[in-house]
Amino acid sequence: MMKWCAAYTLVKTLNLEKDNCPKYMFRIAIAIIALFPFLATAQSNTAEAVDTTMWRVIRMRIADETMLIEIDTTNGERYYNRGQLRAQMNDYKGALQDFNTSLKRNPNEPVVYYARGAVKERMGDLKGSAEDFTTVIKMQPDFAWGWNDRGQINVKLKNFEQARTDFEEARKLKPNWGVPVFNIGLMHSEMGQKDTAI
């Protein structure tokens, strides 16, 4: 099957699909694939190489941040940076530890509370997530994403009235923003109100 896909791709790439003799050219493409079988697996290997490279880059950046933390353990921003990288790799426990340390170094950073709230949600700690988003809202009441994300957590906690209030506040802050409107629809769906969800 891979050979046929690679042959078809080769035909398309070389624009060999002319009306004059597509079968003839397609057979040539099959012959090329037969002679050079690595062409049939190039697409699959490329996708794997890109994925591996992405993770390798993140791991290298984590190592860099770790080295900088070892040089200056008082810099909360470094812990935050490493926590963000760990979260990208789904290392939520490590990310949470870094965000906690960052907040010990600098407890007045709403961006760290916001990131920690997102990680807590992924770890299943919805109440802790709601607390962090509430802290963000208190520190930065004009941050629409904080209101929206707390609304999403409140929907998951079945606190529908509070969720509605959060989504409406996000809409007031950004009147043309569709995300809270969409989330209000999802909330109605979650409440079993399919007619008003649309």
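Residues numbered from 1 in each chain as written. Predicted model: local features only at pLDDT ≥ 70, side-chain atom pairs only at ≥ 80, totals over all residues. Heavy atoms only, no water.

### Here we look at unusual backbone geometry
Most peptide bonds take the trans form, and the phi angle of most residues other than glycine is negative. Phi is positive for Asn 90, close to 65°, though the residue is something other than glycine. Secondary-structure assignment places Asn 90 in the loop between helix 4 (76-88) and helix 5 (92-105). Within the chain, Lys 158 stands out as a residue other than glycine whose phi angle is a positive 65°. Taking relative accessible area as the criterion, Lys 158 reaches 48% and is therefore assigned partly exposed. (Helix = DSSP H or I, 4+ residues; strand = E, 2+ residues; numbered from the N terminus. Buried < 20%, exposed > 50% of the residue type's maximum accessible area, 1.4 Å probe, protein only.)

### What about the packing of aromatic side chains?
Using the criterion set out here, one finds four aromatic pairs in the structure. On the basis of an interplanar angle of 40° and a centroid distance of 5.9 Å, the ring pair of Tyr 80 and Phe 99 is categorised as tilted. Placement of Tyr 80 in helix 4 and of Phe 99 in helix 5 is noted, with a sequence separation of 19 residues between them. We note that Tyr 80, like Phe 99, is buried. With 5.3 Å between their ring centres and 80° between their planes, Tyr 114 and Phe 143 make a pair best called edge-to-face. Placement of the pair is Tyr 114 in helix 6 (residues 110-122) and Phe 143 in the loop between helix 7 (126-139) and helix 8 (144-156), with a sequence separation of 29 residues. (Phe/Tyr/Trp six-rings, centres within 6.5 Å; stacked < 30°, edge-to-face > 60°.)

### Topic: the nonpolar core
Tyr 80, Ala 87, Ala 95, Leu 96, Phe 99, Leu 103, Val 112, Tyr 113, Ala 115, Val 119 and Val 136 together form the largest nonpolar core, which totals eleven residues. Looking at this core, the elements that each hand over two or more residues are helix 4, helix 5 and helix 6. Setting aside anything within four residues of it in sequence, one finds Val 136 in contact with Pro 110, Tyr 113, Tyr 114 and Phe 143. Of all hydrophobic cores here, the second largest spans six residues; its members include Val 155, Phe 160, Phe 167 and Ile 184. (Core = buried A, V, L, I, M, F, W, Y, C linked by side-chain atoms within 4.5 Å. Contact = heavy atoms within 4.5 Å.)

### Topic: the pattern of salt bridges
Within this structure, the stated rule accounts for eleven salt bridges. A salt bridge links Arg 86 to Asp 98, with the shortest nitrogen-to-oxygen separation between them at 3.2 Å. Of this pair, Arg 86 sits in helix 4 while Asp 98 is found in helix 5, placing the two residues twelve residues apart along the sequence. Here Arg 86 and Asp 98 have matching classes, each one buried. Among the salt bridges present, the one from Lys 172 reaches Glu 169, with a minimum N-O distance of 3.9 Å. Taken together, the positions of Lys 172 and Glu 169, both in helix 9 (residues 160-173) and three residues apart, correspond to about one turn of that helix. The class of Lys 172 is exposed, set by a relative accessible area of 62%. (Salt bridge = Lys/Arg side-chain N within 4 Å of Asp/Glu carboxyl O.)

### Focus: the side chain of Arg 150
Its place among the elements puts Arg 150 in helix 8. On the basis of relative accessibility, which here comes to 11%, the residue Arg 150 falls in the buried class. Separated by 2.7 Å, the side chains of Arg 150 and Asp 166 make a polar contact. For Arg 150, the contacting residues outside a window of four places in its chain are Ala 130, Phe 133, Thr 134, Ile 137, Gln 162 and Asp 166. (Polar contact = N/O pair within 3.5 Å; in protein donor to acceptor, adjacent residues only side chain to side chain.)

### What to know about helix 6
Taking 1.5 Å of rise per residue, 13 residues should cover 18 Å, and helix 6 covers 19 Å from first to last C-alpha, within 8% of that figure. What helix 6 keeps buried is the set Pro 110, Val 112, Tyr 113, Ala 115, Arg 116, Gly 117, Ala 118, Val 119 and Lys 120. At the C-terminal side of helix 6, Gly 124 shows a positive phi close to 90°. (Expected span 1.5 Å × (residues − 1).)

### A few points about the packing of helix 6 against helix 7
Axis separation between helix 6 and helix 7 bottoms out at 8 Å; the angle between their running directions is 160°. Of the possible angle classes, the one that applies to helix 6 and helix 7 is roughly antiparallel. In this structure, helix 6 meets helix 7 at a crossing whose hand is left-handed. Residues Pro 110, Tyr 113, Tyr 114, Arg 116, Gly 117, Ala 118, Lys 120 and Glu 121 of helix 6 form the contact with helix 7, whose own contacting residues are Leu 126, Gly 128, Ser 129, Asp 132, Phe 133, Thr 135, Val 136 and Met 139. In terms of residue class, the contact of helix 6 with helix 7 is built from eight nonpolar, four polar and four charged. (Axes fitted to C-alpha atoms, helices over the stretch in contact; angles between N-to-C directions. Parallel < 35°, antiparallel > 145°, perpendicular 65-115°, else oblique. Left-handed = near helix turned anticlockwise from the far one by under 90°. Nonpolar A, V, L, I, M, F, W, Y, C, P; charged D, E, K, R; others polar.)

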